[in-house]
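# Overview (structure and organization)
Okay, here's what each chain looks like letter by letter:
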Amino acid sequence: MFNFSFKTQRYLILFGFLTIPVLLSLTFSYYPAISLLYYSLTDWTGLGWEMNFIGLDNYKEIFTKPEVFGALKNNLYYFIGGLVQVALSLYFAVILTGKLRGRNGFRAMLFIPYVLHSVATVIMFKNLYHMEYGSLNVLLGSIGLESWQQSWLGNKHLVNFSLAFISMWKYMGLNMVIFIGALQSIPSDLYEAASIDGANSRQKFRFITLPSIRKVMELMLILTLTGALEAFDIPYVMLLGANDTSTFVIKTVDTAFKYQNFGLASAMAVVLLIMVLIFIVIQRKLLFREER
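Conventions and cut-offs
Residues numbered from 1 in each chain as written. Predicted model: local features only at pLDDT ≥ 70, side-chain atom pairs only at ≥ 80, totals over all residues. Heavy atoms only, no water. Helix = DSSP H or I, 4+ residues; strand = E, 2+ residues; numbered from the N terminus. Rg over C-alpha atoms; globule rule 2.2 N^0.38 Å. Contact = heavy atoms within 4.5 Å. Areas by Shrake-Rupley, 256 points an atom, 1.4 Å probe, with all protein chains shown as cover. Lys, Arg positive; Asp, Glu negative; His and termini not counted. Charge placed at Lys NZ, Arg CZ, Asp CG, Glu CD. 1 Å grid on protein atoms, 1.4 Å probe; cavity = no way out; pocket = protein on both sides within 12 Å on 5 of 7 lines; lining within 4 Å. Points joined across faces, edges and corners; volume = space filled by probe spheres on them. Nonpolar A, V, L, I, M, F, W, Y, C, P; charged D, E, K, R; others polar. Domains from an automatic or database assignment. Salt bridge = Lys/Arg side-chain N within 4 Å of Asp/Glu carboxyl O. Polar contact = N/O pair within 3.5 Å; in protein donor to acceptor, adjacent residues only side chain to side chain. Buried < 20%, exposed > 50% of the residue type's maximum accessible area, 1.4 Å probe, protein only. Arc of directions from axis to C-beta.

## Comments concerning the overall build of the protein chain
For the protein chain, the helix and strand inventory stands at 14 helices and zero strands. In sequence order, the protein chain lays out its α and β elements as α-α-α-α-α-α-α-α-α-α-α-α-α-α. For a compact globule of 292 residues, the expected C-alpha radius of gyration is about 19 Å, and the protein chain comes in at 25 Å, more than 25% above that figure. Across its three principal directions, the C-alpha atoms of the protein chain cover 70 × 70 × 45 Å. Sequence-distant contacts in the protein chain: of pairs separated by 6 or more residues, those separated by 24 or more amount to 66%. Entry remark: accessible area of the protein chain is about 18800 Å², with carbon and sulfur atoms responsible for 68%. Considering the protein chain, the positive charge centre built from 23 side chains and the negative charge centre built from 17 side chains are found 10 Å apart.

## Regarding the layout of surface pockets
Here the largest pocket is characterised by a volume of approximately 490 Å³. If you go around the largest pocket, you meet 16 residues; those closest to its centre are Val94, Thr97, Leu183, Tyr191 and Thr209. Only helix H4 (72-97), helix H8 (159-184), helix H9 (188-196) and helix H10 (201-212) provide two or more residues apiece to the lining of the largest pocket. The biggest single contributor to the lining of the largest pocket is H4, with five residues. Here the lining of the largest pocket is composed, by residue class, of eight nonpolar, six polar and two charged. As a volume, the second largest pocket reaches approximately 410 Å³. Ser167, Tyr171, Leu223, Gly227 and Ala228 are the residues nearest the centre of the second largest pocket, which is lined by 22 residues in total. Where the lining of the second largest pocket is concerned, the elements lending two or more residues are H4, H8, helix H11 (214-229) and helix H12 (233-239). Among the residues forming the lining of the second largest pocket, the class breakdown is twelve nonpolar, eight polar and two charged.

## Overview of the domain arrangement of the protein chain
We note that the domain assignment places domain 1 (38-71 + 248-292) and domain 2 (77-246) within the protein chain. Placing the centre of domain 1 and that of domain 2 at their C-alpha centroids yields a distance of 29 Å. If you look at the interface, domain 1 gives 16 residues, while domain 2 gives 17 residues. For the pair domain 1 and domain 2, the interface holds zero salt bridges. At the junction of domain 1 and domain 2, the tally comes to zero residue pairs in polar contact (both at pLDDT 80 or more). Residue assignment for the side of domain 1 that touches domain 2 shows that the elements contributing at least two residues are helix H13 (248-258) and helix H14 (262-286). Across the side of domain 1 that touches domain 2, the residue classes break down as ten nonpolar, one polar and five charged.

## Quick notes on the side chain of Thr226
With respect to the helices, strands and loops of the structure, Thr226 is situated in helix H11. On the accessibility criterion, Thr226 (14% relative accessible area) is buried. Residue contacts for Thr226: discarding those within four places in its chain leaves Val276 and Ile280.

## Details of helix H2 (residues 57-64)
For H2, the complete set of buried residues consists of Asn58, Tyr59 and Ile62. In a view along the axis of H2, the buried residues occupy a sector of 95°, so they form one face of it. Exposed residues lying more than 90 degrees from the buried face of H2 are Lys60 and Thr64. At its buried positions, H2 is contacted by helix H1 (6-39), helix H3 (66-70) and H14.

As structure tokens, then:
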């Protein structure tokens, strides 16, 4: 038996608890990231370990191919839908934080879509959007709006809006729950004092609610931006990126597994990471400047 002093035992415990998380982080986060950066400088096909160092050729190809960055226009639909989603989430959070009968039931109803698996959600909306027997067109026909019936997934002008709506519907409940938690942390004394001073509901929301959840709003906008740039599962499962619905991540996946060009796909992943970091910095500097 080793008789260590209390100080030595303390250091050993601290070292043990810190070593395991650091090793896991190095193994599953930093090593893959460094490997990704190295692969982006090679012509690796993803088969075997034969690869040639080609420098920045993959990055030159990315910035000289307009179809690669052209996919970002489809990500814009998800970003706009995300902004609408944040506004609706805050609206429902404000309503369901008040004294509303059955509010827990309404909260559960709005949160359930987030719990559903993405594949199940896509299958459900595929039946909703179907041209012939889709419930949306059936509903429009039953109320006399046959002229509004569309091929929601076949029309290039509507398909990305339809897919962005699925994303908005699925993730709105999560944002609502986060907003509810933020709203419940605001002291009720502030609203009582505002009522005594004669403030109406709109003034309370503008001068008390919004400033109090400023940090949460910043988090929501960051998640909306990153989620829009990383949109993948819904358009891929629904249409495999067909009918001009391919996003930047779908282009990356196709480049890696369909065309077996892991070097170029790795470079695209690095470019996506850099874009996310740049947009986050711009957002923090322009929209959420630190108060001096």
